[in-house]
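# Observations on the three-dimensional arrangement
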Number of protein chains: 4
Amino acid sequence: MSSSETVEVSGHLMDSGILSRILDDIREYEGDYVIDRFEVGHEAHDTSTATITVTAEDDEALQRLLMRLQTRGVNQVDPGEATLSEAELDGVFPDGFYSTTNLPTKVRLSGRWYDVANPEMDCGLVVEEDADGPRVITLPMSDVLVGMQVVTGASGIKVQIPELQQEQGGSFGFMESDVSSEKPQAVLVRQVADGMREAKDNGKKVLWVLGPGVVHTGAAPAMVAMVHAGFVDVLFAGNALATHDIESALYGTSLGVDLAMGRGVEHGHEHHIRALNTIRKEGSIRNAVESGVLTGGIMHAMVTHDKEFVLVGSVRDDGPLPDVHTDVIEGQRAMRAKLPDVGFCLMAATMLHSVATGNILPSSIPLVCVDINPATVTKLADRGSSQARGIVTDVGLFLEQLAGELVPAYRRS
Amino acid sequence: MSSSETVEVSGHLMDSGILSRILDDIREYEGDYVIDRFEVGHEAHDTSTATITVTAEDDEALQRLLMRLQTRGVNQVDPGEATLSEAELDGVFPDGFYSTTNLPTKVRLSGRWYDVANPEMDCGLVVEEDADGPRVITLPMSDVLVGMQVVTGASGIKVQIPELQQEQGGSFGFMESDVSSEKPQAVLVRQVADGMREAKDNGKKVLWVLGPGVVHTGAAPAMVAMVHAGFVDVLFAGNALATHDIESALYGTSLGVDLAMGRGVEHGHEHHIRALNTIRKEGSIRNAVESGVLTGGIMHAMVTHDKEFVLVGSVRDDGPLPDVHTDVIEGQRAMRAKLPDVGFCLMAATMLHSVATGNILPSSIPLVCVDINPATVTKLADRGSSQARGIVTDVGLFLEQLAGELVPAYRRS
Amino acid sequence: MSSSETVEVSGHLMDSGILSRILDDIREYEGDYVIDRFEVGHEAHDTSTATITVTAEDDEALQRLLMRLQTRGVNQVDPGEATLSEAELDGVFPDGFYSTTNLPTKVRLSGRWYDVANPEMDCGLVVEEDADGPRVITLPMSDVLVGMQVVTGASGIKVQIPELQQEQGGSFGFMESDVSSEKPQAVLVRQVADGMREAKDNGKKVLWVLGPGVVHTGAAPAMVAMVHAGFVDVLFAGNALATHDIESALYGTSLGVDLAMGRGVEHGHEHHIRALNTIRKEGSIRNAVESGVLTGGIMHAMVTHDKEFVLVGSVRDDGPLPDVHTDVIEGQRAMRAKLPDVGFCLMAATMLHSVATGNILPSSIPLVCVDINPATVTKLADRGSSQARGIVTDVGLFLEQLAGELVPAYRRS
Amino acid sequence: MSSSETVEVSGHLMDSGILSRILDDIREYEGDYVIDRFEVGHEAHDTSTATITVTAEDDEALQRLLMRLQTRGVNQVDPGEATLSEAELDGVFPDGFYSTTNLPTKVRLSGRWYDVANPEMDCGLVVEEDADGPRVITLPMSDVLVGMQVVTGASGIKVQIPELQQEQGGSFGFMESDVSSEKPQAVLVRQVADGMREAKDNGKKVLWVLGPGVVHTGAAPAMVAMVHAGFVDVLFAGNALATHDIESALYGTSLGVDLAMGRGVEHGHEHHIRALNTIRKEGSIRNAVESGVLTGGIMHAMVTHDKEFVLVGSVRDDGPLPDVHTDVIEGQRAMRAKLPDVGFCLMAATMLHSVATGNILPSSIPLVCVDINPATVTKLADRGSSQARGIVTDVGLFLEQLAGELVPAYRRS
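Each value, and the rule that gives it
Along every chain, residues carry numbers that run from 1 in the direction the sequence is written. Chains and ligands are labelled by the order in which they are written, letters from A for the one and numbers from 1 for the other. Residues qualify for local features only when their pLDDT is at least 70, as the model is predicted, and side-chain atom pairs are given and counted only at 80 or more; totals for whole chains, interfaces and linings, by contrast, use all residues. With hydrogens and water excluded, all non-hydrogen atoms of the structure serve as input to the side-chain values. UniProt positions are given in the numbering used here, feature names are shortened, and annotations may be inferred rather than shown by experiment. Nonpolar cores are built from buried Ala, Val, Leu, Ile, Met, Phe, Trp, Tyr and Cys residues. Side-chain atoms within 4.5 Å join them into one set. For every residue, the accessible area obtained with a 1.4 Å probe (protein chains only) is divided by the maximum for its type, and the residue is called buried under 20%, exposed over 50%, and partly exposed between those limits. Contacts are assigned to residue pairs with any non-hydrogen atoms lying within 4.5 Å of each other. Helix and strand labels come from DSSP, where a helix needs a run of H or I of at least four residues and a strand needs a run of E of at least two; each type is numbered from the N terminus. Residues adjacent in sequence count toward polar contacts only when both atoms are side-chain atoms; beyond that, a polar contact is any pair of N or O atoms within 3.5 Å, and within protein one must be able to donate a hydrogen and the other to accept it. By definition, the buried area sums, over both parts, the 1.4 Å-probe accessible area that each loses when the two are put together. A carboxyl oxygen of Asp or Glu within 4 Å of a side-chain nitrogen of Lys or Arg is what we treat as a salt bridge. All residues other than Ala, Val, Leu, Ile, Met, Phe, Trp, Tyr, Cys, Pro, Asp, Glu, Lys and Arg, Gly among them, are scored as polar; the first ten of these are nonpolar and the last four charged. When the centres of two rings from Phe, Tyr and Trp lie within 6.5 Å, Trp using its six-membered ring, the rings pair. Their planes under 30 degrees apart give stacked, over 60 give edge-to-face, and anything left gives tilted. Only Lys NZ and Arg CZ are tested; either one counts as a charge over a ring when it is within 6 Å of the ring centre and within 35 degrees of the ring normal.

You'll find chain A entered in an unreviewed UniProt entry as ornithine cyclodeaminase, with Nocardioides taihuensis given as the organism. Quoted verbatim from the Cofactor (unreviewed entry) field of the UniProt record, the comment on chain A reads "NAD(+)".

Following this line, the structure appears as structure tokens:
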């Protein structure tokens with residue numbers, strides 16, 4: 001007794017490769033399809049529209065397939081009304097809960113469409129009622145509480161692929177062709193600089209997600225210059241980036257000499273442990289800056305310019321620094337709290353924090369990931385951050401050039 | 001007003017390259033040295049002994065250099081007595097605290113040498129007094145409490161490089177030459193199997209540290225066979241390994257077909273989120289096994305055979321599973337609690353958890369790291385896990401062959 | 001004064017992503033298009049047909065765009081007659097020569113369609129007349145001679161995408177999703193074994209393209225077993241594979257010990273130079289086998305089983321072996337001469353020879369590329385070997401398992 | 001009946017790790033040793049001297065071990081006289097021929113020491129007599145002719161490790177610590193610039209070895225600027241670098257747009273084939289420049305500035321360009337002919353040509369290898385280019401910054 005639903009999708013379907021991905025999804029979920037109608041865009045800038053009837057072996061399978069298709073911007077022709085179920089356990093969604101995308105999303109309740117405030121992938125949708133009527137919010141699984149009204153199934157939901165992504169020729173196709181070290185990198189530097197300036201011009205914040213390689217490649221001075229110039233509004237990182245930066249600032253002579261001589265230092269166990277102890281003694285990075293203990297580096301620049309940072313721990317951390325969230329779920333909440341008004345995101349030299357940020361970022365925020373390892377960039381796209389643009393290059397030289405673009409006065413002495 | 005100390009080191013100094021590393025350390029710490037005496041081992045199996053006077057610009061620098069040299073097995077000729085200072089803040093060591101190595105270590109108090117119970121790198125040494133006299137324990141920075149007696153400076157401490165490492169030609173030299181994909185891998189499989197059997201024969205536990213690539217490369221059946229056969233006593237992993245394993249067990253038909261056809265599945269957002277919710281609803285992985293919800297896979301095998309596992313979360317986690325430690329410092333404590341009686345450790349397909357385990361493992365436990373990415377293996381050695389042996393190969397085929405070696409009955413159907 | 005032509009393409013256009021690649025090509029060549037007709041395949045197994053009018057700024061640009069589109073299986077609706085021009089210089093095609101694809105190709109001359117005998121990419125088409133009428137052959141640029149009749153422009157030419165590739169969901173799309181180390185590798189081993197058996201069952205030859213990593217990973221015994229069992233009909237390699245194999249056979253004791261102990265040997269300069277000199281003294285590898293100088297290894301097995309091999313030199317070669325073609329163009333010719341009747345091709349551990357073989361192989365021959373480095377596999381697809389299937393894994397373990405599949409008696413002692 | 005010889009080595013033996021490599025070699029060749037004397041350098045800048053008696057199972061094994069040890073700068077205490085044997089076949093050395101190192105070498109004949117003119121690894125030494133007395137030259141195996149007098153065995157030969165390498169802490173040790181992407185890359189750029197300037201100041205030539213990635217990363221304008229400024233005296237490359245450069249110059253508009261937009265182009269088969277045909281028609285790159293067909297790019301700059309280049313083919317080449325040596329042994333000879341007066345060598349983005357150049361370069365020429373792939377750099381050191389310094393970074397940004405350092409007027413428009 002199979003179940004069917006008619007869905008539709010519009011956009012640059014053919015030149016973006018999105019249609020082949022949709023049909024792949026249907027196969028992967030063991031469904032079947034008939035293409036009812038296909039209105040092709042005849043000229044290069046026209047959009048196309050496809051209407052497809054998808055079939056799955058039962059309604060549960062169908063609902064799951066419909067949710068999957070929504071990650072591609074495919075909506076039901078007749079979406080109907082959203083179905084709500086009550087959560088019966090803290091931290092557990094009701095069976096058949098709607099699993100979200102990171103796309104702009106609307107939910108229909110009692111015949112009216114409501115915007116979802118904070119799109120984030122792999123969450124649930126919770127409907128809250130107050131004096132102004134219903135409000136639909138995206139909620140991660142760990143934050144659901146008994147009694148909350150959670151959307152189940154795929155009915156009554158519409159998503160929208162942002163115009164930008166469409167024009168880029170579709171997310172993944174775009175991504176794939178970009179994961180390569182054989183690109184005119186200098187041009188890419190300029191494009192990233194333009195993206196950041198545009199975000200600032202629009203009153204938006206620039207979010208940076210950095211790994212410790214930023215310090216090891218000697219890019220700390222470039223980062224400091226960009227913090228000074230106002231291009232670093234929010235920083236997400238782990239214990240390692242902050243510790244290596246602070247270690248370099250505290251034991252500057254020694255490390256400085258090695259940086260200046262261009263010779264690598266084996267990751268000494270002792271400097272960084274002592275740096276951690278020093279900041280723990282002060283109680284926080286800000287305290288260490290204010291007491292004059294910490295006088296340079298990226299974290300010092302962030303504090304003196306009153307910029308926000310969220311440091312989240314990992315199981316391999318020493319210390320950690322007192323500012324580090326040791327509970328990763330708390331850390332995710334702290335990161336989410338900084339997302340409003342972010343208009344551009346640059347990730348560099350960290351797979352862990354890049355994926356973590358990609359997980360919570362709406363698809364509408366332009367996202368660039370810089371890493372010497374192509375796998376980091378591929379992973380991000382595989383996880384659903386379809387707007388991500390990858391640049392496989394040396395992080396140190398990239399940030400050096402980016403600082404040169406963004407901060408005309410910046411020249412390495 | 002420079003400070004000096006005379007140190008000595010014995011072993012296969014010349015053929016292990018350890019002497020050059022010692023002199024590199026002295027240069028890196030901006031110290032100077034005179035080799036007072038060098039008794040060379042004339043024949044291939046003789047050991048050599050060097051006595052070296054090292055000088056640094058002041059006593060603080062000297063103490064730090066001496067600690068660094070101890071990571072190479074270099075001790076003071078006249079170690080003197082350990083110096084103790086009281087911790088004045090929770091979670092903060094006194095200034096000049098002795099930063100530990102992962103080598104077997106002794107501390108001299110009131111003229112007597114005491115063994116340190118649980119060597120671990122990058123910690124402090126705390127002296128506790130009870131009816132039986134003093135006891136020296138290794139304590140991570142985050143666990144120190146006001147009033148504890150902490151060893152400061154490098155006096156009164158001796159470390160010992162395990163015989164095994166010496167014979168292998170020294171840790172890092174050995175490591176470096178092994179980080180290559182151009183090795184006769186089939187032979188290496190047998191050596192790992194021998195190491196595990198030897199540990200079991202000696203009544204020791206085998207510790208596995210696994211990443212999600214184990215599931216993606218189709219090695220779950222091989223792992224299950226090795227769990228059944230008793231070769232997996234303890235498992236350290238993150239949320240991803242357990243979730244992918246459970247997802248594969250719960251939605252087996254679909255994923256199973258793809259595994260059998262050898263085609264890759266894009267990391268779907270929906271299956272794993274639903275798998276997480278299902279287990280969260282049960283309350284724990286064990287509950288899910290006992291209630292019959294979870295009936296296959298690696299985690300199921302661990303539960304049914306009453307094997308121990310520690311899952312520690314990371315900032316990129318969805319869910320997570322109810323068994324996951326979301327606080328990474330708690331997670332580290334849970335991992336440490338499983339280390340006693342471990343006699344062999346195999347790490348596969350995870351940089352995060354491999355480094356985390358390497359951080360807390362004594363150097364006396366044989367350690368093999370298997371990864372297709374050479375950087376994972378190099379990182380481990382750089383961080384001080386000098387006993388680590390790296391195998392750069394495909395994790396799926398490696399585990400398949402290892403199961404064939406360890407479990408004669410194991411043949412893939 | 002722009003030029004236009006109407007083209008059509010049939011097949012699984014939407015689920016293969018091929019349409020988006022076609023439109024990408026048009027954009028890249030700065031052309032424009034109108035989709036005149038699009039007959040969509042309504043159900044999953046139906047094919048679709050698109051008719052597109054493409055426009056370029058002049059006829060030369062149009063002809064080049066049309067050639068480009070033929071690599072996607074796109075043909076002119078009204079192909080007309082082929083145009084011929086005479087070559088005026090040895091080794092130089094006439095201006096506007098038709099640049100070939102590796103697809104099955106037909107050429108229309110005087111109203112009749114003629115099959116092209118040996119499809120190969122990046123060559124020209126030469127028409128020869130003899131008593132039986134015209135014959136169209138594919139000729140590489142370096143082999144063209146004054147007076148030859150060469151096809152120019154894209155008129156009068158039809159290509160056909162093999163059915164197999166269509167069903168796999170199109171070449172590149174298929175490829176991309178397969179370039180990953182996260183695959184159930186054991187299943188892939190079996191699929192490769194099946195492909196080889198099927199080729200043998202059909203009376204076809206199996207072609208192997210191997211790099212020296214095959215010897216370094218200890219896979220020589222596995223290779224020897226597969227040669228003995230008749231699964232290696234033709235071998236393409238460079239000087240290095242043969243030299244390392246022979247070096248290992250000649251200085252077996254020493255190297256053998258190291259292989260058995262699983263320890264890597266730095267690439268010694270002396271063994272291989274002496275091995276080269278020894279074979280050069282014998283005059284050829286066959287001589288060395290027959291005189292009893294060479295008694296084991298892969299090359300020995302090839303000779304004793306009268307199998308064919310082509311060794312082509314490179315600028316980094318020492319020696320080289322007397323069997324090596326030092327002229328690379330001669331080497332390519334020798335390789336081409338072995339292609340007839342090849343029915344399956346496996347490439348392992350060599351980017352240079354894999355790309356070289358991919359260059360001359362018709363797209364109709366199934367092709368699997370095994371390498372631990374994803375870049376090798378990606379490069380192959382980028383260069384146009386669209387039928388290539390990539391397996392990112394350890395070559396040593398892969399060949400070990402493959403030998404186990406193909407040669408039931410094969411077990412490592 | 002074992003054979004023994006006493007050897008000695010001087011230098012920074014302990015801090016360079018060279019002694020451990022010497023003892024590794026003895027073990028690898030299954031020899032034994034007694035250290036007779038070890039005079040240690042007591043202070044940091046002193047050199048040490050070791051006298052070692054090595055034993056092998058017979059004289060042939062001993063001679064081979066002694067040759068191996070010479071690659072480490074180890075000489076016989078009593079070297080005696082060189083032994084000569086006559087070559088009996090063209091292209092074949094006599095049995096037991098001395099296999100050369102790339103170190104400065106002396107040969108003793110009739111009681112006098114003669115310098116070897118052109119050190120190169122993996123060759124033989126040939127003694128020629130003329131009116132001025134004997135002359136010792138290094139000859140590759142393929143160039144030996146019947147009747148030549150060839151040095152056999154290790155007697156009568158002394159090598160010398162250049163001072164520079166000693167101070168760098170020994171070749172391989174230095175190399176290993178440098179193969180990392182985590183380095184302050186901007187500093188390294190400056191060091192390379194300094195090395196080039198120093199070579200030019202000393203009247204020496206700068207040799208560049210480039211792969212096609214230089215063009216793909218958009219670094220052609222930077223290269224052109226450095227050619228104009230006189231920093232590129234000799235260029236070694238393959239067909240691909242020159243073809244991609246010329247293709248980009250000929251079809252500039254289209255490719256230019258893509259470079260400027262920072263979007264990657266799939267490696268089109270058609271542009272480069274047509275570029276090859278165009279230059280083949282002109283007869284040479286120089287002709288194409290002089291006839292006005294080729295008006296830009298790296299090769300154009302080399303021609304207009306009368307700089308030397310050697311292009312050597314490979315089995316994967318299309319075309320090739322008429323300037324390409326299709327015979328690789330001829331190509332090696334052409335490369336060797338350009339080595340005199342080279343004072344600095346930079347290799348970028350090519351493993352094939354880097355190894356080929358490393359094979360023929362004396363160890364006294366400073367050598368820097370830039371590649372985004374660590375394996376390229378490691379391979380070079382493994383093959384014996386012990387002076388090589390590796391920089392793992394993005395080639396495009398590296399050359400961009402290097403041009404900025406070397407050519408003050410250079411700024412990207």
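The rest of the description comes next.
The subject of this paragraph is the nonpolar core. In terms of nonpolar packing, the biggest core is built from 138 residues, with Trp 208 and Leu 402 of chain A together with Trp 208 and Leu 402 of chain D touching the most fellow members. Those residues within four positions of Trp 208 of chain D in sequence are excluded, and the remaining contacts are Met 196, Met 223, Met 226, Phe 231, Val 232, Val 234, Leu 235, Phe 236, Leu 346, Leu 399 and Leu 402 of chain D. Formed by 136 residues, the second largest nonpolar core is a distinct cluster that contains Val 214 of chain B together with Ala 222, Leu 241 and Val 289 of chain C.

All names here are of chain D. For helix 14 (residues 351–360), the tally of buried residues reaches nine of 10 residues, placing the bulk of the element in the interior. Of the positions making up helix 14, those classed as buried are Leu 352, His 353, Ser 354, Val 355, Ala 356, Thr 357, Gly 358, Asn 359 and Ile 360. Where helix 14 begins, the side chain of Thr 350 points an oxygen toward the backbone nitrogen of Leu 352, at a separation of 3.5 Å.

Moving on: the interface of chain A and chain B. In this complex, chain A contributes 62 residues to the contact, which on the side of chain B involves 62 residues. The junction of chain A with chain B conceals about 6000 Å² of combined surface from both sides, 51% of it contributed by carbon and sulfur atoms. Counting the contacts that link chain A with chain B gives two salt bridges. For Lys 281 of chain B, the salt bridge is made with Asp 95 of chain A, and the minimal N-O distance between the two is 3.0 Å. Linking chain A to chain B there are 20 residue pairs in polar contact (both at pLDDT 80 or more). Elements supplying a minimum of two residues to the side of chain A that touches chain B: helix 1 (18–28), helix 2 (59–70), helix 9 (252–261), helix 10 (269–282), helix 13 (328–336) and helix 14 (351–360) of chain A. When the residues that make up the side of chain A that touches chain B are grouped by side-chain class, the tally is 23 nonpolar, 20 polar and 19 charged.

The subject of this paragraph is the packing of aromatic side chains. With the rule as written, the count across this model stands at six aromatic pairs over all chains. The side chain of Lys 158 of chain A reaches across the aromatic face of Trp 113 of chain A, ending 4.5 Å from its centre.

To continue, consider the interface of chain A and chain C. Between chain A and chain C, the contact holds 23 residues from the first and 23 residues from the second. Here chain A packs against chain C, burying approximately 1700 Å² in sum over the two surfaces, 58% of which is carbon and sulfur. Viewed at the interface, chain C and chain A are joined by zero salt bridges. Counting the contacts that link chain A with chain C gives zero residue pairs in polar contact (both at pLDDT 80 or more). Residues belonging to the side of chain A that touches chain C are distributed by class as follows: nine nonpolar, five polar and nine charged.

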